[in-house]
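Here are the chains, one letter per residue:
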Amino acid sequence: MQYSEKVMDHFMNPRNVGEIEDASGVGTVGNAKCGDIMKVYLKIENGIVEDAKFKTFGCGAAVATSSMATELIKGKTIQEAMTITNKAVMEALDGLPPIKVHCSCLAEEALHAALWDYAEKNGIVIEGLKKPVNDISEHEEVPEEDY
Ligand code: FES
């Protein structure tokens with residue numbers, strides 16, 4: 001399996017690891033098939049994502065994608081944050097091997113779960129944001145052998 005230099009860099013030196021104590025939104029998602037779990041903390045002020053941190057009990061690609069996803073979301077408005085899809089994260093990392101694509105979905109879902117938490121706490125609706133699921137494997141069409 002071949003990983004890009006960017007994936008290796010974000011795996012070896014992950015950015016934004018940790019937690020934000022007074023986070024505006026926190027999201028935790030997992031994938032029951034691979035057993036990986038990701039937690040994202042967002043600090044949002046005046047509609048801007050001022051800070052983002054994550055913790056993951058997951059594979060190397062889960063570390064790299066959450067590192068990149070938290071880098072991408074910092075400084076964004078909430079609507080801009082919604083454009084950070086798993087594809088955008090993968091592109092920023094110069095790609096992932098096909099069997100690791102689901103790891104980037106976990107990163108996207110964790111961001112969305114944190115945004116959802118923020119929206120609920122503040123009584124707002126974020127356009128295009130769906131209620132997060134705790135276990136993303138229920139919604140995936142990935143064949144078993146890809147894990
Ligand atoms: Fe499941 Fe990477 S997140 S193997």
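Residues numbered from 1 in each chain as written. Predicted model: local features only at pLDDT ≥ 70, side-chain atom pairs only at ≥ 80, totals over all residues. Heavy atoms only, no water.

**Regarding the packing of helix 1 (residues 5-12) against helix 2 (residues 60-73)**
At a closest axis distance of 8 Å, the pairing of helix 1 and helix 2 adopts a crossing angle of 90°. On the basis of their axis angle, the class for helix 1 and helix 2 is roughly perpendicular. Together, Val 7, His 10 and Phe 11 of helix 1 and Gly 60, Val 63, Ala 64, Ser 67, Met 68 and Glu 71 of helix 2 make up the contact between the two elements. (Axes fitted to C-alpha atoms, helices over the stretch in contact; angles between N-to-C directions. Helix = DSSP H or I, 4+ residues; strand = E, 2+ residues; numbered from the N terminus. Parallel < 35°, antiparallel > 145°, perpendicular 65-115°, else oblique. Contact = heavy atoms within 4.5 Å.)

**A closer look at the pairing of strand 3 (residues 48-57)**
As judged from the 9 bridges shared by strand 2 (residues 36-45) and strand 3, these two strands associate in the antiparallel manner. Looking across to strand 3, one finds that Glu 45 is bridged to Ile 48. What sits between strand 2 and strand 3 in their antiparallel hairpin is a turn of 2 residues, with Asn 46 showing a positive phi close to 50°. (Pairing = 2+ DSSP bridges.)

**What about the sheet that holds strand 3?**
What the 3 strands build is an open sheet, ordered 1-2-3; its pairing is antiparallel. Sheet topology places strand 1 (25-31) and strand 3 at the edges, where each strand pairs with a single neighbour. With strand direction ignored, the average angle separating the axes of adjacent strands in the sheet is 15°. Strand direction decides the pairing type here: strand 1 and strand 2, joined by 7 bridges, are antiparallel. Note that in strand 2 the partner of Asn 31 across the bridge is Asp 36. In this fold helix 2 packs onto strand 2 and strand 3, with an angle of close to 170° to the strand it touches most, strand 3.

**Digging into helix 2**
Here helix 2 spans 20 Å end to end across 14 residues, near enough to the 20 Å set by a 1.5 Å rise per residue. For helix 2, the full list of buried residues reads Ala 61, Ala 62, Val 63, Ala 64, Thr 65, Ser 66, Ser 67, Met 68, Ala 69, Thr 70 and Ile 73. Where helix 2 is buried, its residues meet helix 1, strand 2, strand 3, helix 3 (78-81), helix 4 (86-92) and helix 5 (101-122). Taken from the residues just after helix 2, Gly 75 is the one with a positive phi, measuring 85°. (Expected span 1.5 Å × (residues − 1). Buried < 20%, exposed > 50% of the residue type's maximum accessible area, 1.4 Å probe, protein only.)

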